[in-house]
Amino acid sequence: MKFSESLIKTRREKVKEADSINADLLIRGSYIDQLASGVYTYLPLGLKTIEKISSVIRDEINKIQGQEILMPVLQPKENWQKTGRWETEDNLYKFTSYYSKTDLVLGPTHEEVVVPLAKKFIFSYKDLPKYLYQIQNKFRDEKRAKGGLLRGREFIMKDLYSFHSSKEDLDDYYEKASNAYKNIFNKVGIGSKTYKTFASGGSFSKYSHEFQTESDSGEDLIYLCKKCKVAVNKEIINEQSTCPECGNPKLTEIKAIEVGNIFKLMSKFSAPFGLTYRDRLGEDKPILMGCYGIGLGRLMGAIVEVSHDKDGLIWPIEIAPFKVHLINMGDNREVLTETKRLYEKLMKKKIEVIWDDRSESNGVKLTDADLIGIPIRLIISNKTLESKAIELKERARDNSEMIQYDNILTRIKEIVDVK
Ligand code: ATP
Ligand code: MG
């Protein structure tokens, strides 16, 4: 992609409507645009990033046999009455159809859709277990939208639902999902700051778990066991003030962002819809369920909160919208020819590259590169031409290196593969 043809217009000054670092940097870098409070457009850079995050999540969920579907956002009132949530949920966007006068909900979650769906496909023990997930926009009338992408009114979520014939099978899958979550948070670069956190399990199960990323912008307080690298949330600390894994009484209070959670629903939603299966002896038994959510926008926002500096974003390589930010300094013929040659070489090798081909000053180009936060910056200038080299600087490091033309692809591959 050439910068001059892109939809990037960076901003220097702080964004007035931004109440958080992620909103400020993502808006200034042309990743997102705010339409209303808690409602954002993903611009080309932002969408590329979200797609990278989606693909990490898909890979891991597919590995634990998740099958992807796409359920409707529009959901009938009757399904919400069945579960009792039409009355009790205060975040529901409800409205009435002008023509049919029927009442509808804009889906904030999908138990009310996935359970009646499962009823059409799961009849016997032979149909179990099943794992269905989607990546889709959710709608919640949050009292206060805040923290940029951290708490929106329309936001992207991955929601996975599992269906089981026994508690043992649910327990077993729950552990697999928990491991998949660990892999996801490692791959997107926040593994070392993200803690599995014991939370209340509701009426059916002792615990559920949240995945909480340490950050001062977090809304939640969690209590971390530094030995086990697990935490408990506020509800749990009131009942039990020690580490649930090792009994350590010294837990450290930290602020954190809930990027995901996993929950054993048991028969909470299967019961109201009469979702049962026939066992080997021909008896009807309740189906047990688990649900597993990750907010993609919130995750992207959390990554920004964790990974930035005073100059801008610092994307982990796996989810950066481009791997390489190529800059020609000056626009004399040799510099332009060499930069174009490198640009085409990178494209041919399928290394995602954005070339800042604008006739802006070096200062502007460097400032923009820091703000946008692409992991590898390559510079071609009169100086580098003299030594038949390219200047390479990683966004996350201070030093730059001079790389000979012939070695550039190898060096890039090293950086991309190591991460
Ligand atoms: P919270 O306590 O933060 O409101 P929640 O318990 O309502 O979260 P779930 O309903 O379990 O969250 O949703 C699953 C995931 O979706 C959360 O872990 C979070 O990552 C994301 N999420 C929830 N609400 C929002 C929101 N308003 N904006 C962005 N992401 C959200
Ligand atoms: Mg909520």
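Presented here is a report on the structure given in the accompanying data block.

Thresholds applied
For every chain, the first residue of its written sequence is number 1, and the numbers climb from 1 along that sequence. Lettering of chains starts at A and numbering of ligands starts at 1, both following the order in which they are written. With pLDDT at 70 or above as the cut-off, local features in this predicted model cover only qualifying residues; side-chain atom pairs require 80 or more to be listed or tallied, and sums for whole chains, interfaces and linings still use all residues. Side-chain metrics in this entry use all non-hydrogen atoms of the structure; hydrogen atoms and water are not considered. To qualify as a helix, a DSSP run of H or I must reach at least 4 residues; to qualify as a strand, a run of E must reach at least 2; elements of each kind are numbered from the N terminus. In this scheme, a residue with accessible area under 20% of its type's maximum is buried, one over 50% is exposed, and one in between is partly exposed, where area comes from a 1.4 Å probe on protein chains only. Whether two residues are in contact is decided by their heavy atoms: any pair within 4.5 Å suffices. In this tally, Asp and Glu contribute negative charge and Lys and Arg positive charge; neither His nor the terminal groups of the chain are included. Every charge is mapped onto a representative atom, which is NZ of Lys, CZ of Arg, CG of Asp or CD of Glu. Within 6.5 Å between ring centres, the rings of Phe, Tyr and Trp (the latter by its six-membered ring) count as paired, and their orientation is classed by plane angle as stacked under 30 degrees, edge-to-face over 60, tilted in between. Pairing between two strands requires that DSSP report at least two bridges joining them. Note on geometry: axes are lines fitted to C-alpha atoms, helical ones only across the stretch in contact, with angles between N-to-C directions running from 0 to 180 degrees. Two cysteine sulfur atoms make up a disulfide if the distance between them is within 2.5 Å. When an angle is under 35 degrees it counts as roughly parallel; over 145 it counts as roughly antiparallel; between 65 and 115 it counts as roughly perpendicular; any other value is oblique. All residues other than Ala, Val, Leu, Ile, Met, Phe, Trp, Tyr, Cys, Pro, Asp, Glu, Lys and Arg, Gly among them, are scored as polar; the first ten of these are nonpolar and the last four charged.

1. A short note on the overall build of the protein
Along the protein, the regular secondary structure elements total 13 helices and 23 strands. Over its C-alpha atoms, taken along the principal directions, the protein stretches across nearly 80 × 60 × 45 Å. The 419 residues of the protein split such that 54% are buried. In the protein, of all internal contacts separated by at least 6 residues, the share reaching a separation of at least 24 is 68%. Side-chain charges of the protein comprise 67 positive and 62 negative groups, with the mean position of each set lying 1 Å from the other.

2. Regarding the packing of aromatic side chains
Under the defined criterion, the tally for this structure stands at ten aromatic pairs. Summarising the aromatic geometry, the rings of Tyr173 and Tyr292 are spaced 5.9 Å apart at their centres and angled 80° between planes, so their arrangement reads as edge-to-face. Of the two residues, Tyr173 sits in helix α6 (residues 167-187) while Tyr292 sits in strand β16 (residues 288-295), which places them 119 residues apart along the sequence. The same class applies to Tyr173 and to Tyr292, which are both buried. For the ring pair Tyr174 and Tyr292, a centre distance of 6.4 Å and an interplane angle of 50° mean the geometry is tilted.

3. Some remarks on the pairing of strand β9 (residues 194-200)
Counted residue by residue, β9 has six buried out of seven residues, so it is predominantly covered. Pairing of β9 with strand β10 (residues 207-214) involves seven bridges; the strand directions are antiparallel. Bridging from a neighbouring strand, Thr194 pairs with Thr213 of β10. Counted along the chain from β9 to the antiparallel partner β10, the turn is six residues long, and its residue Gly202 has a positive phi close to 75°. Taken together, the three bridges between β9 and strand β12 (residues 230-233) define a ladder with parallel strand orientation. Looking at the pairing, Thr197 lines up with Ala231 of β12.

4. A few points about the sheet that holds strand β19 (residues 324-328)
The five strands lie next to each other as β20-β19-β21-β22-β23, forming an open sheet whose pairing is mixed. In this open sheet, the two edge strands, each paired with only one partner strand, are β20 (353-356) and β23 (400-404). The sheet shows a mean angle of 25° between the axes of neighbouring strands, direction not considered. In this sheet, β20 lies alongside β19 in parallel orientation, the contact comprising four bridges. Along β20, the bridge assignment pairs Val324 with Val353. Set on the sheet, helix α13 (residues 408-418) makes contact with β19, β21 (376-380), β22 (389-394) and β23; between it and β22 the angle comes to about 10°.

5. Describing helix α9 (residues 296-306)
Most of α9 sits out of view: nine of its eleven residues are buried. Along α9, the residues that are buried comprise Leu296, Gly297, Leu299, Met300, Gly301, Ala302, Ile303, Val304 and Glu305.

6. Observations concerning the state of the cysteines
Considering all chains together, one arrives at zero disulfides under this definition. Cysteine Cys243 shares no disulfide, and the gap to the nearest cysteine sulfur, in Cys225, comes to 3.7 Å.

7. With respect to the packing of helix α2 (residues 44-63) against α9
At their nearest, the axes of α2 and α9 sit 10 Å apart, and the two run at 110° to each other. Taken together, the axis directions place α2 and α9 in an arrangement best described as roughly perpendicular. Here Gly46, Thr49, Ile50, Ile53, Ser54 and Ile57 of α2 lie close against α9, whose contacting residues are Leu296, Gly297, Leu299, Met300 and Ile303. A per-class count over the contact of α2 with α9 returns seven nonpolar, four polar and no charged.

Note that all results are geometric; they support no functional claim without further evidence.
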